[in-house]
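Summary of the model geometry
If you want the building blocks of each chain, they are given just below.
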Amino acid sequence: MPVNRNALIRYKVIDSCLRNRRQKWTLEKLMDKVSDALYEYEGIDKGISRRTIQADIQVMRSDKLGYNAPIIVQEKKYYTYEHADYSITHTPISEHDLSRMNEAVAVLSQFKGFSHFDQLTEVVQKLEDHVYAETHDKVPVIDFERNDNLKGLEYLDVLYQAIIQQKPVELDYKSFTARSAQRFAFHPWWLKEFKNRWFVVGTKGIKSHIMTYALDRIQSAKVNETLRYRDSNGLTPEQFYKDVIGVSVAPESALQKVILWISAGHAPYVTTKPMHASQTILSSDETGTTIQLEVQLNFELEREILGFGCHMRVLQPLKLKDRITGNLHYSIKGYESIQP
């Protein structure tokens, strides 16, 4: 049974009303609520008929859309749900829908392994896991990394649309070290995710320097319709990040040969998941493995090394070795100052 957008709006409004048990809902009150919603969302000002609401209630009660809503009438005029916790949004997926989803999974799974469809892999896995959980009435067996409390995610769509439409944005941005937020025009080129944190990359104002801003430090973002957009002139994320680990890029910085030693117990974590595409193994024995990277020195590289603690050592270059050593000494002093 095909359902148009207006019908879905009506069903959702009726559902929201019937879930609100602090009020008593007559057909007339439901008609008013639905009419207001249709005017707000669709600009329809003709109102809604009593007959339409009655027909909607019958559809929601039926199995046509899989709702089977337990709608009852009290005192011969007040509509409500028999079960206080019911909602059409909690309706389980029907067998027909599961069948369609299985078909979709089968089709999408055929693209796994093709380099042009790498980004589909996680989508297919999520869909497969959801179908499996629904079919077998079990909890999902795949748990993807996520951070539901991450700040700034509300700006993702604004920035994404600005990039697609090639329009500048007006940003209010407050860095960790700034006392107050700054407002400036920004020309976004792409969005970047690293360690479950989102960044936007582009140019600021009339300057040509490429800037990276964390979405969790943005306080407001809106499209600027008056300024002319400055594009990336063909620069791609692959080109921009090819010489770094993470998101911190200094275009003028020279590549460094970074040589690291990893203890035998932790070496597999690095050999099976290379720190960078340039990684090569120089030597390996029963004590550990020595690898070489050709990258720029940046904050993310230091953080990766420090994350291994005593199980990773910097052999070259001396500048990086001194920075890591300094950080470790500072950490030791911090621990020594803690009173037992």
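Structure: see above.
A short tour of the structure in this document, coming up. Treat the numbers as computed from the prediction; the structure is a model and nothing was measured.

So, the pairing of strand S5 (residues 197-204)
- Pairing of strand S4 (residues 182-194) with S5, which is carried by eight bridges, proceeds in the antiparallel orientation. Across the sheet, Phe186 pairs through a bridge with Lys204, a residue of S5.
- Linking S4 to S5, which pair antiparallel, is a turn of two residues; within it Lys195 sits at a positive phi near 55°.
- Summarising the sheet, S5 and strand S6 (residues 210-214) pair through five bridges and their orientation is antiparallel. When the sheet's bridge partners are listed, Thr203 is paired in S6 with Ile210.

Brief notes about the nonpolar core
- Of all hydrophobic cores here, the largest spans 26 residues; its most connected members are Leu18, Leu30, Ile53, Met60, Ile71 and Tyr81.
- Where this core is concerned, the elements lending two or more residues are helix H1 (5-19), helix H2 (27-42), helix H3 (50-61) and strand S2 (78-81).
- Examining the composition of this core, we find that seven residues originate from one element, H1, more than from any other.
- Discounting residues that sit within four places of it in the chain, Ile71 has contacts with Leu18, Ile57, Met60, Arg61, Tyr79, Thr80 and Tyr81.

Things to note about the environment of Ser263
- Mapped onto the elements, Ser263 comes out in strand S8 (residues 256-263).
- Once the C-alpha coordinates of Ser263 and Phe308 are considered, the two residues, 45 residues apart in sequence, prove to be 9.6 Å apart.

Remarks on H1
- Taking 1.5 Å per residue as the helical rise, H1 with its 15 residues ought to reach 21 Å, and the 21 Å between its terminal C-alpha atoms agrees with that figure.
- At its buried positions, H1 is contacted by H2, H3, strand S1 (71-74) and S2.

A closer look at the pattern of salt bridges
- Scanning the entire structure with this criterion turns up ten salt bridges.
- Of the charged contacts, one joins Arg323 and Glu302 as a salt bridge, the two residues approaching to 2.5 Å between their closest N and O atoms. Here the residue Arg323 occupies a position in helix H10 (residues 318-336), and Glu302 occupies one in helix H9 (residues 299-307), the gap between them amounting to 21 residues.
- Judged by relative accessible area, which is 47%, Arg323 ranks as partly exposed.

Notes on the packing of aromatic side chains
- Per the counting criterion, the structure on display carries nine aromatic pairs.
- Measuring from centroid to centroid gives 4.7 Å for Tyr173 and Tyr213, while their planes differ by 65°, and the two rings are edge-to-face. You can see Tyr173 sitting in strand S3 (residues 169-173) and its partner Tyr213 sitting in strand S6, a full 40 residues away along the chain. The exposure classification of Tyr173 matches that of Tyr213, with both residues buried.

A word on the sheet that holds strand S11 (residues 312-316)
- Read across the sheet, four strands follow the order S9-S10-S8-S11 without closing on themselves; strand pairing throughout is antiparallel. Looking at which strands have only one partner, the edges of the open sheet turn out to be strand S9 (280-284) and S11. Neighbour-to-neighbour, the strand axes of this sheet turn through a mean angle of 25°, independent of strand direction.

A look at unusual backbone geometry
- In this chain, Gln316 is followed by Pro317 through a cis amide linkage whose omega measures -5°.
- The phi torsion at Gln166 lies on the positive side, around 55°, for a residue other than glycine.
- Along the polypeptide, Gln166 turns up in the loop between helix H6 (156-165) and S3.

Brief notes about the pairing of S9
- One ladder, built from four bridges, connects S9 with strand S10 (residues 288-295); its direction is antiparallel. From the neighbouring strand, Thr280 faces S10, where its bridge partner is Gln292.
- Counting the residues that bridge the hairpin from S9 to S10 gives three residues.

A look at the packing of H1 against H3
- For the pair H1 and H3, interaxial distance at closest approach is 10 Å and the crossing angle is 80°. The angle between H1 and H3 places the two elements in the roughly perpendicular class. Along its contact with H1, which presents Arg10, Tyr11, Ile14 and Asp15, the element H3 presents Thr52, Ile53, Asp56, Val59 and Met60.
- The residue makeup of the contact of H1 with H3, split by class, is five nonpolar, one polar and three charged.

What counts as what
- Residues numbered from 1 in each chain as written.
- Predicted model: local features only at pLDDT ≥ 70, side-chain atom pairs only at ≥ 80, totals over all residues.
- Heavy atoms only, no water.
- Pairing = 2+ DSSP bridges.
- Helix = DSSP H or I, 4+ residues; strand = E, 2+ residues; numbered from the N terminus.
- Core = buried A, V, L, I, M, F, W, Y, C linked by side-chain atoms within 4.5 Å.
- Buried < 20%, exposed > 50% of the residue type's maximum accessible area, 1.4 Å probe, protein only.
- Contact = heavy atoms within 4.5 Å.
- Expected span 1.5 Å × (residues − 1).
- Salt bridge = Lys/Arg side-chain N within 4 Å of Asp/Glu carboxyl O.
- Phe/Tyr/Trp six-rings, centres within 6.5 Å; stacked < 30°, edge-to-face > 60°.
- Axes fitted to C-alpha atoms, helices over the stretch in contact; angles between N-to-C directions.
- Parallel < 35°, antiparallel > 145°, perpendicular 65-115°, else oblique.
- Nonpolar A, V, L, I, M, F, W, Y, C, P; charged D, E, K, R; others polar.

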